[in-house]
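# Structure assessment
What follows is the residue order along each chain.
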Amino acid sequence: MITLHHCHQTRSMRVLWLLNELDVEFNLRVHPFDRSLRSEEFLTRSPAGRVPALEIDGDVLWESGAICEVLCERFTERGLGRIPGEIDRPDYLVWLHFAETISQHTAALTQQHIALYEDSMRSPIVMQLEAARLGKCYAAIEGRLSTPVENRDYLLTSGFSAADICVGQAVYMARHFATFDGFPALAEWYERITERPSFRSALPPEGAELLYDQPFYPPWPR
Ligand SMILES: N[C@@H](CCC(=O)N[C@@H](CS)C(=O)NCC(=O)O)C(=O)O
């Protein structure tokens, strides 16, 4: 049996979205996003105390990009990965891992806006810089989606893949700090992929404790 260790609205959501999309059986263990991720028990699953962690075939994996690659190679029926030799394989790897480039800026902004609880701890310069860097990531996605290729509805020419899931989920988190203004292709693509039932099922259920309790955090000081 597969068990996903998950916190709502975090990077583990991309693994949850992928598992939903692959339509495989799994257990979901939802953890609070707090110090309990540093407990001795949790550290046996994820040595830096991070989510996601995935128990599969007697192994425990961490790192969302690696987990997504492994799952796509293990469950090939839905064609969400691209194996060595396939034409889109290099682009698949590039975009799947670009999710982390986006997420590191979102993580910094989440720390600045949410985790640091006293205004004296916050840095308006870091906030502005990190939001601007998210804008550069959006520009990269916009450029990719605007490249004149027939049927460029998704990041890969060959169609929807785990790369859309990983980048899409990273954008789901990033949009709390950077709007889609000026990025029409990104906005259309985001709407297209988040209409999927598998994404909807990966959202926090009604009443769940949220990491982001407002849709957008404007630059500080507000
Ligand atoms: N590169 C890792 C990053 C994992 C990570 O930092 N996850 C965050 C949630 S988005 C986390 O668990 N943070 C807990 C903490 O920093 O205490 C991945 O993609 O899995």
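For the structure, see preceding data.
Residues numbered from 1 in each chain as written. Predicted model: local features only at pLDDT ≥ 70, side-chain atom pairs only at ≥ 80, totals over all residues. Heavy atoms only, no water.

### Overview of the overall build of the chain
Looking only at helices and strands, the chain features eight helices and four strands. For the chain, the sequential pattern of α-helices and β-strands runs β-α-β-α-β-β-α-α-α-α-α-α. Here the C-alpha radius of gyration of the chain, 17 Å, is about what a compact globule of 222 residues would show, namely 17 Å. Residue burial in the chain is summarised as follows: out of 222 residues, 49% are buried. When contacts within the chain are restricted to residue pairs at least 6 apart in sequence, those whose partners lie at least 24 apart make up 69%. Looking at the chain as shown, the accessible area adds up to about 11200 Å², and 52% of this sits on carbon and sulfur atoms. Positive and negative charge centroids in the chain, built from 21 and 31 side chains respectively, lie 3 Å apart. (Helix = DSSP H or I, 4+ residues; strand = E, 2+ residues; numbered from the N terminus. Rg over C-alpha atoms; globule rule 2.2 N^0.38 Å. Buried < 20%, exposed > 50% of the residue type's maximum accessible area, 1.4 Å probe, protein only. Contact = heavy atoms within 4.5 Å. Areas by Shrake-Rupley, 256 points an atom, 1.4 Å probe, with all protein chains shown as cover. Lys, Arg positive; Asp, Glu negative; His and termini not counted. Charge placed at Lys NZ, Arg CZ, Asp CG, Glu CD.)

### What about the sheet that holds strand S4 (residues 59–62)?
Here we have four strands laid out as an open sheet, ordered S2-S1-S3-S4, and mixed in their pairing. A strand with exactly one partner marks an edge of an open sheet, and here the two such strands are strand S2 (26–30) and S4. The sheet shows a mean angle of 20 degrees between the axes of neighbouring strands, direction not considered. Bridge analysis of strand S1 (residues 2–6) against strand S3 (residues 53–56) gives three bridges, and the strand direction is antiparallel. (Pairing = 2+ DSSP bridges. Axes fitted to C-alpha atoms, helices over the stretch in contact; angles between N-to-C directions.)

### Digging into the layout of surface pockets
Using a probe with the size of a water molecule, rolled over the atoms, empty space left in the structure can be pinpointed. Computed from the structure, the largest pocket encloses a volume of approximately 950 Å³. Among the elements that make up the lining of the largest pocket, the one with the highest residue count is helix H4 (residues 89–115) (seven residues). Here the lining of the largest pocket is composed, by residue class, of 14 nonpolar, eight polar and eight charged. Built from parts of two domains, the lining of the largest pocket gets at least three residues from each of domain 1 (2–78) and domain 2 (89–197). Here the second largest pocket defines a volume of roughly 180 Å³. Every residue lining the second largest pocket is listed: Cys 7, His 8, Val 30, His 31, Pro 32, Phe 33, Asp 34, Glu 209, Leu 210 and Leu 211. Classifying every residue of the lining of the second largest pocket gives six nonpolar, two polar and two charged. (1 Å grid on protein atoms, 1.4 Å probe; cavity = no way out; pocket = protein on both sides within 12 Å on 5 of 7 lines; lining within 4 Å. Points joined across faces, edges and corners; volume = space filled by probe spheres on them. Nonpolar A, V, L, I, M, F, W, Y, C, P; charged D, E, K, R; others polar. Domains from an automatic or database assignment.)

### Section: the pairing of S2
When S1 meets S2, the two strands line up parallel, connected through five bridges. Opposite Thr 3, over in S2, you have Asn 27 as the bridge partner. Assessed by its sense of winding, the connection that carries the chain from S1 through helix H1 (residues 12–22) to S2 is right-handed. (Right-handed = clockwise from strand over helix to strand, strands pointing away.)

### Some words on the site of the ligand
Around the ligand, a shell composed of Thr 10, Arg 11, Phe 33, Leu 37, Arg 38, Gly 49, Arg 50, Val 51, Pro 52, Glu 63, Ser 64 and Glu 100 is seen. Separating an oxygen atom of the ligand from a side-chain N or O atom of Arg 11 is a distance of 3.2 Å. Contact between the ligand and Glu 63: a nitrogen atom at 2.7 Å from a side-chain N or O atom of the residue. Contact with the protein chains removes 83% of the 510 Å² of surface that the ligand exposes when unbound. (Near = heavy atom within 4 Å. Polar contact = N/O pair within 3.5 Å; in protein donor to acceptor, adjacent residues only side chain to side chain.)

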